[in-house]
Amino acid sequence: RQVARLPAGGRGRQLEVVLRLAHGLHFLGRMQDKLDLLLRHHQDFETANSVLIGRYYLLLGVTYSLLGDRTNAGRSGTRALEEATRGHDEATMGKAHYMMAHEAYWAGELARGVEHGRMAVTLLQDKAEPWWLGMAHWILGVIHGFMGRFDLAFEAEAQARAIGERVGDPRLQSYADWTAGGAYAVMGDHAAAVEASRRGLEKAPDPVSRANALGFLGGVYLESGNAAEAIPPLEQSIRLFAQFRITELEGWFTTLLGEAHLLQGDVAQAHALAMRGLDLARSSNFWVAL
């Protein structure tokens, strides 16, 4: 409706508003609404300049990625990078590499994810895009953590947190904290893990950030052997991700919830949740979780 109210002739401005609206819908967890909005304006962007086309396909790719559509996510990311390169838009090139790093993570191709993440940091380093630079450091930290490279993971999350503190962005700080909490838990430092994860939850400024922080907090409690404390945040996280249709994370935290019930001695419930988690991970091709 806001786009329709803009004066005629302001086509570029209209498309800018579409991109801003799509970005806002993301953090409300309205992924399908975001996708529908972008697809409604597909033809408008196809006839725009390369810079706008690149930014459009970047947001489209991120959306497809979170909705578990690996094929369209990959195609959109590639198109975003091509158009941004054609338009000499290094900022969007960096963001596209961030998106492709995230996509490589979902696919379990962690070495490729590191390559894209490092390219994203390089391209975004000198650009006026602190949030995206912070997210590039963040995804590098996530991937390094899954590879067992904890020093590199903590270093990357410290970079993301510092950027968040400098620009006053609680979301970056939240992401860095609950990711660090997960790494501390795997290393066996359960006190530090709970402290970092709780801090990440306290700082979460939007529903999607809160769902992530809840899931990681539950995972931290589970890693410490405290199944009773793990179950409530995991259940909350799963409900939110199901609502957002972010299937990968719904599946991952459903599997962790099953493990928590197993520790509680409820084998039947644990089995049902594990199978549900496996189905969700397979449906979204989230190979890291399999």
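Here the structure is shown first, and the text comes after it.
Rules used in this analysis
- Residues numbered from 1 in each chain as written.
- Predicted model: local features only at pLDDT ≥ 70, side-chain atom pairs only at ≥ 80, totals over all residues.
- Heavy atoms only, no water.
- Helix = DSSP H or I, 4+ residues; strand = E, 2+ residues; numbered from the N terminus.
- Rg over C-alpha atoms; globule rule 2.2 N^0.38 Å.
- Contact = heavy atoms within 4.5 Å.
- Areas by Shrake-Rupley, 256 points an atom, 1.4 Å probe, with all protein chains shown as cover.
- Lys, Arg positive; Asp, Glu negative; His and termini not counted.
- Charge placed at Lys NZ, Arg CZ, Asp CG, Glu CD.
- Buried < 20%, exposed > 50% of the residue type's maximum accessible area, 1.4 Å probe, protein only.
- Salt bridge = Lys/Arg side-chain N within 4 Å of Asp/Glu carboxyl O.
- Phe/Tyr/Trp six-rings, centres within 6.5 Å; stacked < 30°, edge-to-face > 60°.
- Lys NZ or Arg CZ within 6 Å of the ring centre and 35° of its normal.
- Expected span 1.5 Å × (residues − 1).

A few points about the overall build of the protein chain
- Each helix and strand in the protein chain was counted, giving 16 helices and zero strands.
- Relative to the compact-globule value of 19 Å for 290 residues, the protein chain shows a C-alpha radius of gyration of 19 Å, a close match.
- Its C-alpha atoms give the protein chain principal-axis dimensions of roughly 65 × 35 × 30 Å.
- When contacts within the protein chain are restricted to residue pairs at least 6 apart in sequence, those whose partners lie at least 24 apart make up 57%.
- Surface accessibility of the protein chain: about 12,700 Å² in total, with carbon and sulfur atoms responsible for 51%.
- The distance from the centre of the 29 positive side-chain charges to the centre of the 33 negative ones in the protein chain is 7 Å.

What about the environment of glutamate 90?
- By the element assignment, glutamate 90 lies in helix α7 (residues 90-106).
- Assessed through its relative accessible area of 38%, glutamate 90 is described here as partly exposed.
- Along the backbone, glutamate 90 and leucine 123 are 33 residues apart, and their C-alpha atoms lie at a distance of 6.1 Å.
- In this structure, glutamate 90 is in contact with Leu123 and Lys127, ignoring residues within four places of it in sequence.

Here we look at the pattern of salt bridges
- Counted by the stated rule, this structure contains 16 salt bridges.
- Between arginine 30 and aspartate 33 there is a salt bridge; the shortest N-O distance is 2.9 Å.
- For arginine 30, a relative accessible area of 39% gives the class partly exposed.
- Exposure remark for aspartate 33: the relative accessible area of 34% places this residue in the partly exposed category.
- The closest approach of N and O atoms between arginine 112 and glutamate 109, which form a salt bridge, is 2.5 Å.
- Given a relative accessible area of 32%, arginine 112 falls into the partly exposed group.
- A residue is classified by how much of its surface remains accessible, and glutamate 109, at 39% relative accessible area, is partly exposed.
- Because the salt bridges share partners, they merge into one network encompassing Arg161, Asp177, Glu195, Arg199 and Lys203.

Brief notes about unusual backbone geometry
- A positive phi is found at histidine 88, a non-glycine position, where the angle reads about 55°.
- Turning to its location among the elements, histidine 88 is positioned in the loop between α6 (70-86) and α7.
- Judged by its relative accessible area of 70%, histidine 88 falls in the exposed class.
- A positive phi angle, near 65°, is found at arginine 245, a position not held by glycine.

Re the packing of aromatic side chains
- Considering all chains together, one arrives at 18 aromatic pairs under this definition.
- Plain terms: the ring middles of phenylalanine 146 and tryptophan 252 are 5.8 Å apart, the flat faces sit at 55° to each other, and that makes the pair tilted. A residue pair is termed long-range when its members are at least 10 positions apart, and phenylalanine 146 in helix α9 (residues 130-146) and tryptophan 252 in helix α15 (residues 247-263) qualify at 106 residues.
- Judged by centre distance (6.0 Å) and plane angle (20°), the rings of phenylalanine 241 and phenylalanine 253 are stacked. Of the two residues, phenylalanine 241 is situated in helix α14 (residues 227-244) and phenylalanine 253 in helix α15; the sequence distance between them amounts to twelve residues.
- Phenylalanine 253 gets classed as buried once you look at its relative accessible area, which sits at 1%.
- Each residue in the set Tyr105, Trp106, Trp138, Phe146, Tyr175, Trp178, Phe216, Phe241, Phe244, Trp252 and Phe253 is aromatic and connected to the rest through ring pairs, giving one cluster.
- The residue whose ring lies beneath arginine 171 is phenylalanine 27, and the NZ or CZ to ring-centre distance is 3.7 Å.

A word on helix α5 (residues 50-66)
- Over its 17 residues, α5 runs 24 Å from end to end, which matches the ideal 24 Å to within 8%, given 1.5 Å per residue.
- The buried fraction of α5 amounts to 15 of the 17 residues, a majority that puts the element mostly inside the structure.

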